[in-house]
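Now for the letters of each chain:
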Amino acid sequence: MSAPAADRPFAPAAERNAEPILAVLRDAFAERRKVLEVGSGTGQHAVRFAAAMPWLSWQCSDVAAHLPGIRAWLADAALPNTPDPIALDVTDPWPEGPFDAVFSANTLHIMSWPEVERFFAALGRVLAPDATLAVYGPFRRDGAHTAPSNAAFEESLRAQDPARGIRDMADIDRLAAAVGLQRADTIAMPANNFTLVWRTR
């Protein structure tokens, strides 16, 4: 990945976790062709993943305020498989599909629960009949945190906004099942995170 530059936002966490996530996505998206990334953030993941998986068209999206930074990363990388990023708030209308893959990193714990519900409801409208969803981030398992550091992280999240919180895998599975997705893989990641992978049933 390119070194940070003055005209490009830089997230150290995105730099650290890109390679472990890519190792999962190479397999999960091996037979996919058109990916929608929800919450592209700085754009660092997009250029790393699109360069490593050239068979994918990688569509970035985020709230409008983040698009200039994403465009700066995409312009610097000049990849042929990264179209212009699009503005997307999960509570607003989503882009026209179909997408046969969706990826999102470190977003579900930032959204309120109603926004998480809208995220999954919208997936049901934009996913292709044969599709894969991959989500990276911290999760609870069977109602409990998987590490003390995640419990502390959730406290800090709720201090910023009481609507935020680390979501339980079972609760997410129920939302996924309602739009025809079934969890296919649960991969433990560094720093007490997971990548969860669902496929259409």
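A few points on the structure. Just so you know, these numbers come straight off a predicted model, no measurement behind them.

1. Digging into the overall build of the protein
The helix and strand tally for the protein stands at 6 helices and 7 strands. Each helix and strand of the protein, placed in order from N terminus to C terminus, yields the pattern α-β-α-β-α-β-β-α-β-α-α-β-β. The C-alpha atoms of the protein give a radius of gyration of 16 Å, which matches the 17 Å a tight globule of 201 residues would have. If you line up the protein on its principal axes, its C-alpha atoms span 45 × 40 × 30 Å. For the protein, the proportion of its 201 residues judged to be buried stands at 47%. Considering only residue pairs separated by 6 or more positions, the protein has 72% of its internal contacts joining residues 24 or more positions apart. Summed over its atoms, the accessible surface of the protein is roughly 9,000 Å², and 53% of this surface lies on carbon and sulfur atoms. Averaging the coordinates of the 19 positive side-chain charges in the protein and doing the same for the 24 negative ones gives two points 2 Å apart.

2. Focus: helix α5 (residues 148-160)
Each α-helix turn comprises 3.6 residues. Residues three or four places apart therefore point the same way. Its 13 residues give α5 an end-to-end C-alpha distance of 19 Å, which sits within 8% of 18 Å, the value for a rise of 1.5 Å per residue. Taken together, the buried positions of α5 are Asn150, Glu154 and Leu157. In an axial view of α5, the angular spread of the buried residues amounts to 60°, which keeps them on one side of the axis. Along α5, the residues that are exposed and aim more than 90 degrees away from the buried face are Pro148, Glu155 and Ala159.

3. Side note on the packing of aromatic side chains
On inspection of all chains with the given rule, the structure shows 7 aromatic pairs. With centroids separated by 5.1 Å and ring planes inclined at 75°, the aromatic side chains of Phe119 and Phe120 adopt a geometry described as edge-to-face. Here Phe120 falls in the buried class, since its relative accessible area comes to 1%. Measuring from centroid to centroid gives 6.1 Å for Phe120 and Trp198, while their planes differ by 80°, and the two rings are edge-to-face. Here Trp198 lies in strand β7 (residues 193-200) and Phe120 lies in helix α4 (residues 113-126), a separation of 78 residues in the sequence. Of the two residues, Phe120 and Trp198, neither departs from the other in class, the shared state being buried. Three or more aromatic residues joined by ring pairs form one cluster here, namely Phe29, Phe49, Trp58 and Phe103.

4. Points about helix α3 (residues 67-77)
Those residues of α3 that fall on the buried side of the exposure criterion are Leu67, Gly69, Ile70, Ala72, Trp73 and Leu74. Two residues or fewer past α3, Ala78 is found with a positive phi of approximately 50°.

5. Comments concerning the sheet that holds strand β6 (residues 181-189)
In spatial order, the strands read β3-β2-β1-β4-β5-β7-β6; together these 7 strands make up an open sheet with mixed pairing. Both edges of this open sheet fall to β3 (86-87) and β6, since each of them pairs with a single strand only. With 8 bridges joining them, β6 and β7 adopt antiparallel strand pairing. By the bridge assignment, Gln182 is partnered in β7 with Arg199. The sheet strands contacting helix α2 (residues 44-52) are β1 (34-38), β2 (57-62) and β4 (99-105), and the helix crosses β2 at an angle near 175°. Those strands touched by α4 are β1, β4, β5 (127-137) and β6, and its axis lies near 150° from that of β5.

6. Concerning unusual backbone geometry
Omega for the bond connecting Gly97 with Pro98 falls within 30 degrees of zero, at 0°, which places this linkage in the cis form. Unusually for a residue other than glycine, Ala191 sits at a positive phi of about 60°.

7. Overview of the pattern of salt bridges
On inspection of all chains with the given rule, the structure shows 8 salt bridges. Residue Arg32 pairs with Asp130 through a salt bridge whose shortest N-O separation is 3.3 Å. Note that Arg32 is positioned in the loop between α1 (12-28) and β1 and Asp130 in strand β5, a separation of 98 residues in sequence. A salt bridge links Glu154 to Arg140; the nearest nitrogen and oxygen atoms lie 2.5 Å apart. Residue Glu154 is located in helix α5, and its partner Arg140 is located in the loop between β5 and α5; the two are separated by 14 residues in the primary sequence. Under the relative-accessibility criterion, Arg140 is labelled partly exposed at 21%. One network of salt bridges, in which partners are shared, links Arg140, Glu154 and Arg158.

8. Looking at the packing of α4 against helix α6 (residues 169-178)
At a minimum axis separation of 9 Å, α4 and α6 run at an interaxial angle of 35°. Once α4 is placed against α6, the crossing between them reads as right-handed. Here α4 contributes Trp113, Val116, Glu117 and Phe120 to the contact with α6, which in turn contributes Asp171, Ile172, Leu175 and Ala176. The residue makeup of the contact of α4 with α6, split by class, is 6 nonpolar, no polar and 2 charged.

About the criteria used
Residues numbered from 1 in each chain as written. Predicted model: local features only at pLDDT ≥ 70, side-chain atom pairs only at ≥ 80, totals over all residues. Heavy atoms only, no water. Helix = DSSP H or I, 4+ residues; strand = E, 2+ residues; numbered from the N terminus. Rg over C-alpha atoms; globule rule 2.2 N^0.38 Å. Buried < 20%, exposed > 50% of the residue type's maximum accessible area, 1.4 Å probe, protein only. Contact = heavy atoms within 4.5 Å. Areas by Shrake-Rupley, 256 points an atom, 1.4 Å probe, with all protein chains shown as cover. Lys, Arg positive; Asp, Glu negative; His and termini not counted. Charge placed at Lys NZ, Arg CZ, Asp CG, Glu CD. Expected span 1.5 Å × (residues − 1). Arc of directions from axis to C-beta. Phe/Tyr/Trp six-rings, centres within 6.5 Å; stacked < 30°, edge-to-face > 60°. Pairing = 2+ DSSP bridges. Axes fitted to C-alpha atoms, helices over the stretch in contact; angles between N-to-C directions. Salt bridge = Lys/Arg side-chain N within 4 Å of Asp/Glu carboxyl O. Left-handed = near helix turned anticlockwise from the far one by under 90°. Nonpolar A, V, L, I, M, F, W, Y, C, P; charged D, E, K, R; others polar.

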